[in-house]
Amino acid sequence: MQRFPHRPQLLARPAAVALAAALALTATACAKSEDDASGDTRQSSTATADTQQKVVKPKPGSKNCTVDAYGGEKIDLANATVGFSQSEKEANPFRIAETQSIKDEAKKRGVKLLTANAQSQFSKQISDVQDLLAKGADLLVIAPLNSDGWDPVLQAAAAKKVPIVTIDRKINAEACKDYVSFIASDFVEQGRRAADQMIEATGGKGEVAILLGSAGNNVTTERTQGFKERIAEKAPDLKVVFEQTGDFAREKGQQVTEQLIQSEPGIKGIYAENDEMGLGAVAALKGAGKKAGDVKIITVDGTRNAVQGIVDGWISGVIESNPRFGPLAFQTLDTFTQGEAVPQDVIIEDGAYDADNAEQDLGKAY
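Since we're looking at a predicted model, the values are computed, not measured. (Residues numbered from 1 in each chain as written. Predicted model: local features only at pLDDT ≥ 70, side-chain atom pairs only at ≥ 80, totals over all residues. Heavy atoms only, no water.)

A word on the packing of helix H4 (residues 93-109) against helix H12 (residues 326-337). Taken N-terminus to C-terminus, the directions of H4 and H12 make an angle of 50°; their axes are 7 Å apart at the nearest point. The orientation of H4 relative to H12 falls into the category oblique. Contacts between H4 and H12 pair Ser 101, Ile 102, Glu 105, Ala 106 and Arg 109 from the former with Gly 326, Pro 327, Ala 329, Phe 330, Gln 331 and Asp 334 from the latter. Looking at side-chain class alone, the contact of H4 with H12 contains 5 nonpolar, 3 polar and 3 charged residues. (Axes fitted to C-alpha atoms, helices over the stretch in contact; angles between N-to-C directions. Helix = DSSP H or I, 4+ residues; strand = E, 2+ residues; numbered from the N terminus. Parallel < 35°, antiparallel > 145°, perpendicular 65-115°, else oblique. Contact = heavy atoms within 4.5 Å. Nonpolar A, V, L, I, M, F, W, Y, C, P; charged D, E, K, R; others polar.)

Structural data, given as structure tokens:
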């Protein structure tokens, strides 16, 4: 693997300054949203300061990672090849925005980028990343489909001393040994905030359902954990009576909701762990002759179509999960490969949408 001499003047920058700069980073992207349920196609506008990723201040005692601790080598990002592995097909607006953000930032920096899409097949994602390594990727950005089963990739990357940054889902491995940094939202907190919106929408009483995300990844586990914890704490009269996976997909969310309507006709609320499943639930409720607001729907992501669903009265609230990872991922790699410290966990601050702000903030959605 070709390596490049480290620039001496960059070594003079204190690691604390670089870390502060990384934490202050924001991200921009322009992304096209998938067609909504009625067939209308909406295009998001260029991101503004209001839509950029903002990083939460690290907690005291948070750990960092350096090239020396990781066992890697300093390289010049400008002359390196970055491999990006996307987990799912780019039909979900989150994935569209995420991939476009990575491509935009690589182009902006003049960095050679290799991309692969696993099409929601974990075995393909493993082979995809191995192929990126074979093609000469010096650095990897991975959006994992699953959290477990990454040993073949981690071993191959370690053998070539290729640093890995993971985004939006976590790999169950050791930070600063198997990978450098994990960049994502606080998914437990997202679940808690979704529960707060559900409590407000339902009055804290009745029966609710959860449309679970895909099995085998930390996003599903943590969004469920946060939701249930907050319901138990603040609204014991709100009962979760139905849980079934919708695989983060609109069609599956619609199918599961159709079953839900039959088995639990008195359901008062639906917590969909992403917008696509929530939009599928809306389609199912419309098909069953329900009126907007009959069943309160809370979702997570912040896509244009879901926020429009609030404006239209079908969705009660949306917790944002910002997918514009490009600038933050590349800055983390750049800081790391210069030999300076980066956080092992980079947590993003997310907003929220409800009836009070959905219409005026629609332009912030992706």
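Here the narrative resumes.
Read from one edge to the other, the open sheet built from 7 strands follows the order S1-S14-S7-S6-S5-S3-S4, with strand pairing classed as mixed. Two strands in the sheet have a free side with no partner beyond their single neighbour: strand S1 (54-55) and strand S4 (112-117). Sheet topology places strand S6 (residues 164-167) next to strand S7 (residues 181-185); 3 bridges connect them, and they run parallel. Residue pairing across strands places Ile 167 opposite Ile 183, the latter belonging to S7. (Pairing = 2+ DSSP bridges.)

What follows is about the packing of aromatic side chains. In the structure shown here, the tally under the stated rule is 4 aromatic pairs. Taking the centre distance of 5.7 Å and the plane angle of 90° together, the rings of Tyr 70 and Phe 336 count as edge-to-face. Of this pair, Tyr 70 sits in helix H3 (residues 67-70) while Phe 336 sits in helix H12, and the two are 266 residues apart along the sequence. Both residues of the pair, Tyr 70 and Phe 336, count as buried. Aromatic side chains Phe 94 and Tyr 366 sit 6.3 Å apart centroid to centroid with 70° between the ring planes, which places their arrangement in the edge-to-face category. Of this pair, Phe 94 sits in helix H4 while Tyr 366 sits in the segment after strand S15 (352-353), and the two are 272 residues apart along the sequence. A residue is classified by how much of its surface remains accessible, and Tyr 366, at 1% relative accessible area, is buried. (Phe/Tyr/Trp six-rings, centres within 6.5 Å; stacked < 30°, edge-to-face > 60°. Buried < 20%, exposed > 50% of the residue type's maximum accessible area, 1.4 Å probe, protein only.)

Its location among the elements puts Gln 190 in helix H7 (residues 187-202). Non-local contacts of Gln 190, meaning those with residues more than four positions away in its chain, are made with Ser 185, Arg 223, Val 300, Ile 319, Glu 320, Ser 321 and Asp 350.

Right, let's talk about the sheet that holds strand S8 (residues 206-212) for a bit. Neighbouring strands of a sheet are bound in pairs by backbone hydrogen bonds; such pairs are parallel or else antiparallel. Ordered in space as S9-S8-S10-S11-S12-S15, the 6 strands form an open sheet in which the pairing is mixed. Two strands in the sheet have a free side with no partner beyond their single neighbour: strand S9 (238-245) and S15. Sheet topology places strand S11 (residues 296-301) next to strand S12 (residues 317-320); 4 bridges connect them, and they run parallel. Each residue of the ladder has a partner; that of Ile 298, found in S12, is Gly 317. Each of S8, S9, strand S10 (269-272) and S11 touches helix H8 (residues 218-234); the most contacted strand, S8, lies at about 165° to it.

A word on the state of the cysteines. Taken as a whole and judged by the stated rule, the model has 1 disulfide. Note on cysteine connectivity: Cys 65 is disulfide-linked to Cys 176, with sulfurs 2.1 Å apart. Across the disulfide from Cys 65 to Cys 176, rotation about the S-S bond amounts to roughly 85°, and the bridge is consequently right-handed. Note that Cys 65 is positioned in strand S2 (residues 64-65) and Cys 176 in the loop between S6 and S7, a separation of 111 residues in sequence. Neither Cys 65 nor Cys 176 differs from the other in exposure class; each is buried. (Disulfide = S-S within 2.5 Å.)

This brings us to the nonpolar core. In this structure, Leu 140, Trp 150 and Ile 315 are the most contacted members of the largest nonpolar core, which totals 51 residues. The element that contributes the greatest number of residues to this core is helix H10 (residues 275-287), accounting for 6 residues. When sequence neighbours within four positions are dropped, the list of residues in contact with Ile 315 reads Leu 279, Val 282, Ile 297, Ala 306, Gly 309 and Ile 310. Counting residues in hydrophobic clusters, the runner-up holds 32 residues, among them Val 55, Phe 84, Val 111 and Leu 328. (Core = buried A, V, L, I, M, F, W, Y, C linked by side-chain atoms within 4.5 Å.)

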